[in-house]
Amino acid sequence: MKKLVPILLVCLGASGAFAQGNKDGVTVSNDPAKAAAVEKHAQELKARGAHQQAQAPTTAKAHKTAAKSKSKPKKKPASAKPAA
């Protein structure tokens, strides 16, 4: 029990230090130009995503037909043994 308490305190301190050090995530900005640039980028991503979804059914259909056209390899009969 005496060995467990210092280990738990070290883990607690390390997790607290990690949580404080992670500041590269979400940032807040009041700059209207930056907000407009982010909105424009979001619209471009949305348009690109819609374009890819429109093309997805045709490529999936082509993939299914290609998969069906493959023939399975023939299995050798169990009674045929190779000559030794």
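Going by the structure above, here's the rest.
Residues numbered from 1 in each chain as written. Predicted model: local features only at pLDDT ≥ 70, side-chain atom pairs only at ≥ 80, totals over all residues. Heavy atoms only, no water.

> Looking at this model, I keep getting lost on the overall build of the chain. Mind explaining?
When its secondary structure is counted, the chain shows 2 helices and 0 strands. With 84 residues in all, the chain has 0% of them scored as buried. Here the chain has roughly 8,600 Å² of accessible surface; of this, 64% comes from carbon and sulfur atoms. (Helix = DSSP H or I, 4+ residues; strand = E, 2+ residues; numbered from the N terminus. Buried < 20%, exposed > 50% of the residue type's maximum accessible area, 1.4 Å probe, protein only. Areas by Shrake-Rupley, 256 points an atom, 1.4 Å probe, with all protein chains shown as cover.)

> It is not clear to me how a nonpolar patch on the surface should be interpreted in this structure. Could you clarify?
Together, M1, L4, V5, L8, L9 and L12 make up a nonpolar patch on the protein surface, roughly 670 Å² of accessible area in all. Turning to its location among the elements, L9 is positioned in helix α1 (residues 4-21). (Patch = residues over 30% accessible without salt bridge, like charges linked within 9 Å, V, L, I, M, F, W, Y side chains within 5 Å. Salt bridge = Lys/Arg side-chain N within 4 Å of Asp/Glu carboxyl O.)

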